[in-house]
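# Residue-level structure breakdown
Here are the chains, one letter per residue:
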Amino acid sequence: QAFYFFCVCVAGVGPVQGMSDDFSEPLQLNPCDSFLSTPYYLGKLATAAAQCSDSCPTSSFPDNAKACHPCAVGCATCGADGICTDCLVFHASYQGQCVFVFAVGFVIVVAVALAMFSAGVMRFMCLSLTSPRNAKVLKEALEHRRRTKVRDFSLAGNPVYDFDETNPRRQNIAGVAYMLYFRYIAFLAAFFVLILLGLGALRYLPHVLDDAKMEVGTVSVLGSVYGLCLLATLRWVWTQHVVAKEDVEDDPHMRNFAVVAEGFPKSARSCHEVKAFFETVLGFDVEGVSVAYDFQEEEDFVVDRIDRVIEKADGHLGVYPVELSGLESHVGDNQDGYVLDCLLNSGYAFVVFSREEDREFCLRRFADIGKHVSKRVSETYDSSDTSEDDIDNGAAQGLQDADGRSRSVLFRGKFPIKVGPAPEACGVLWRNFAVEPPARIPRIGLAVAACLVLIVIIGAVLLSPGILFQMSYKNTPNPGRTEFLLYLLEQTVSCWAVALSNRAIIALFRAAVAGAGFLQRVNEEVVCLCCSAFAVSLNCVAHIVVGCLVAEAEDTVVTISLTVKNLFHTLCAHLVVSEGERIGMPLWTYWTAHFAVRQTKYMSVREAEPALAAEEMDLMVRYVDLWLLCGLVCALVSLDPTSLYSLTAVVLALCYGISIYLLDKLRFLRQVAQVYKTSSKLDVAHNYLSFGPVSILFVAVLYRAPVKVPDSPGMIILMALAHWLACCIIMRGIQQCTVPARELTDVPYIEVASLQAYNYFNTNPVHVLRTLHFPSIVVPPIYPLAPGKEYLQGGQFSDYDDPHRLRETLMLLIRSPLKSTGMQPPR
């Protein structure tokens, strides 16, 4: 009994208690009549969890012998003649039938959405028949969209990758994160193959075993499936870590030449000063310094100026005619230098070295300095007699009172600097650096609370009455066609509402995490992955859990077959909605922007390019969707491995896994923008979550095995958590065994930088603008990096090999960074 309760709470399957379905035979007498506390007989109800109860449950009425009979479908209470007097919650009586009010509203909303979609498609068709007003700008914007897609910069002309010859599981195209993702899809297909073989063996068992040995045979097959799935998951986790280790050890990365320094005052705006400080402390030259500025209040200004810089460079390089640009528009460039000079240092700076040995020496040197500072501060201040504010305000006083050498290791003689390894430049979120960073935990906690409220409203209030309606349908001996259609409507609406609300939950967490101020993109994605995975899994089972709790209070149960049907329909709706969003939303966005650019006469290329740029491949959402698919499949198999719904779900998941590998490969190589993701943290976080479905299989085998296990929901959940924690401990051991041990190489920074379009300078927008407004030999001017604009970096990233023109354009930007080129504005 408790096993099915666990399946509902954790995996989304199973009734609260076990039951015998053999209650269909009517009895002449009430066998419960002799019990004073439970005189009502429930044997005539298909969803009964016990034969005797203290009252008839919802959707039933007693006869003169106190035997409970089912009311009409959807009816909460009825008279002795079976006539309905009151419908279930959120149900209204209409022409003698109880109709789900939420289903009616849901159908109306869907109909309105389809009407709006049809109107939008008709609008696109009508606009396509009109003459374009801005055909040249549209052509240049579409050319920019082509340049933003994944390309092979190592070949002349920067062509796209060949679809047949490219293996994204083995080739590092835009970062190791994509390799790990495609390897996960391949593993998922193999995982479903193992489960499918086990289900096939179960269906073959009745032909080789008699009834007495069927239970042992079933447990043996399920145990074999669980063992193979666990071994396959562990092996996959090991190979994922090995791939990530090889990427760190063998491939060159920008982070091998950079450190991130923390502790600078707000007034440390100049890269010259920071660079001079490090060269003084270390005793050798550094390649450069990129200060992380706080420009959150001026983000629109910075983004606009970067776009104008790129626009001017494109116009001078002849990427598109100058008359298609917006260079003639007025820009208050006289105050730009003042605004840039007023931007404060957020307290961080990235220091880049010419050699890996210099970086390692810097880490060791500042580690020794940190120990020395801590020792002198502890000698100067007694923590028992001094407040924390006094220590913070004069933490370096002990070093200031010492000799000059000790004071020189402090920035400006009083600010201790902490240094640590830097993340890859492509994963740094420069816009989130702030002098006073936002409170991340309260913001994410508020999002979790809002999500739980949404789940409670949708699952407990709106959709759980649909479960009770389906229970009343199951209790009805001979339901009519109308009752069947209403039953099918409620089941469909419930599952589709869950699938749609899952997309809203993911969007909610994405918005909340984006505003939390994470400094690295991968950390933002990891938090969003964990929160979204927990929320969507809870949302898929919330209405079933509430229905089970209500049924348990009335000595009834949500049957296994009913739960399996709901979960199967939820799985199908999840696949359709997720793929519909992934395919439909980019198409709708593209055609909306396409016709907006086509029909807007005065739109410049600078404004059209971002609107028509290719979208990014969102690995986080993909991981959430596939993890939920795997969990639902394992839940169905754990609940009823002999059901056709379970078998169909596994076959459907297998076909989906194979097709999604090919479709995502096509999207990655031909449709999405080339966004570099070089960290394996997202895959590591997903690896921990991947043991959840295996834990569901473990509990299913454990409670079918001929061993005595405490039959309580709390103990079952505890054992599942214990199994998941044990798997996580094993994975932690795998991580420790595959820690990268990179040997220092003699490859200089300039050589690695020539192979990567991004670095710590061109991805920092304020640093780029300051180098153009305040150029110097110490901090030379550079081009900004933007999707599809890699050719501005020259070398192998340029469509043409003309470094003279690039230098000439850069000098033009230095002399007048945001003014027009002097050409005549378009008429």
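Look up: the structure comes first, before these words.
All figures in this text were calculated on a predicted structure; none of them were measured in a lab. (Residues numbered from 1 in each chain as written. Predicted model: local features only at pLDDT ≥ 70, side-chain atom pairs only at ≥ 80, totals over all residues. Heavy atoms only, no water.)

### Here we look at the packing of aromatic side chains
Across all of its chains, the model carries 37 aromatic pairs by this definition. Taking 4.6 Å as the distance between ring centres and 5° as the angle between the ring planes, the aromatic pair formed by Phe-187 and Trp-236 counts as stacked. Highlighted residues: Phe-187 in helix 4 (residues 176-204) and Trp-236 in helix 5 (residues 211-250), separated in sequence by 49 residues. Pair check on accessibility: Phe-187 and Trp-236 agree, each one buried. Between Trp-430 and Phe-433, the aromatic rings sit 5.8 Å apart at their centres with planes inclined by 35°, giving tilted as the arrangement. The exposure class of Trp-430 is buried, given its relative accessible area of 5%. Among the aromatic residues, those joined into a cluster by ring pairs are Tyr-178, Tyr-181, Phe-182, Tyr-184, Phe-187, Phe-191, Phe-192, Trp-236, Tyr-623, Tyr-661 and Phe-668. Positioned above the aromatic ring of Tyr-40, the side-chain terminus of Lys-66 is 5.7 Å from the ring centre. (Phe/Tyr/Trp six-rings, centres within 6.5 Å; stacked < 30°, edge-to-face > 60°. Helix = DSSP H or I, 4+ residues; strand = E, 2+ residues; numbered from the N terminus. Buried < 20%, exposed > 50% of the residue type's maximum accessible area, 1.4 Å probe, protein only. Lys NZ or Arg CZ within 6 Å of the ring centre and 35° of its normal.)

### What to know about helix 17 (residues 605-612)
Residues Val-605, Arg-606, Ala-608, Glu-609 and Leu-612 constitute the buried set of helix 17. Looking straight down helix 17, one finds that the buried residues subtend no more than 165° of arc, so they occupy a single side. Turning to helix 17, the residues buried within the fold contact helix 3 (135-148), helix 7 (299-317) and helix 16 (560-599). (Arc of directions from axis to C-beta. Contact = heavy atoms within 4.5 Å.)

### Notes on the sheet that holds strand 12 (residues 418-421)
The sheet built from four strands is open, its strands ordered 10-11-9-12 with antiparallel pairing. The two strands at the open ends of the sheet, each matched to only one other strand, are strand 10 (288-294) and strand 12. Neighbour-to-neighbour, the strand axes of the sheet open up by a mean angle of 30°, direction not taken into account. Pairing analysis gives five bridges linking strand 9 (residues 258-262) to strand 11 (residues 344-352), with the strands arranged antiparallel. Considered in strand 11, the bridge of Glu-262 is made with Tyr-348. Most of the contacts of helix 6 (residues 271-282) go to strand 10, to which it runs at about 130°, and overall it touches strand 9, strand 10, strand 11 and strand 12. (Pairing = 2+ DSSP bridges. Axes fitted to C-alpha atoms, helices over the stretch in contact; angles between N-to-C directions.)

### Here we look at the nonpolar core
Counting 197 residues, the largest nonpolar core has Phe-191, Phe-278, Phe-366 and Phe-668 as its most contacted members. Per-element accounting of this core gives the leading share, 17 residues, to helix 4. When neighbours within four sequence positions are excluded, Phe-668 is seen to be in contact with Val-150, Ile-173, Ala-174, Tyr-178, Phe-182 and Met-617. (Core = buried A, V, L, I, M, F, W, Y, C linked by side-chain atoms within 4.5 Å.)

### Comments concerning the environment of Met-603
Among the structural elements, Met-603 can be located in the loop between helix 16 and helix 17. Judged by its relative accessible area of 18%, Met-603 is buried. Sequence-wise, Met-603 and Leu-138 are 465 residues apart; in three dimensions their C-alpha atoms are separated by 9.5 Å.

### Overview of the side chain of Thr-218
With respect to the helices, strands and loops of the structure, Thr-218 is situated in helix 5. The exposure class of Thr-218 is buried, given its relative accessible area of 17%. Leaving out residues up to four positions away in the same chain, Thr-218 has contacts with Leu-202 and Leu-205.

### Looking at the state of the cysteines
Applying the stated criterion across every chain yields a total of five disulfides. Note on cysteine connectivity: Cys-71 is disulfide-linked to Cys-78, with sulfurs 1.9 Å apart. With the S-S bond torsion at -70°, the cross-link from Cys-71 to Cys-78 turns out left-handed. Across the pair, exposure class does not vary: Cys-71 and Cys-78 are buried alike. Each disulfide pairs two cysteine sulfurs, and for Cys-75 the partner residue is Cys-84, the sulfurs being separated by 2.3 Å. Every disulfide takes its handedness from the sign of the S-S torsion; for Cys-75 and Cys-84 that torsion is 100°, giving right-handed. Sequence-ordered numbering of the bonded cysteines in the chain yields a pairing of 1-2, 3-4, 5-7, 6-8, 9-10. (Disulfide = S-S within 2.5 Å.)

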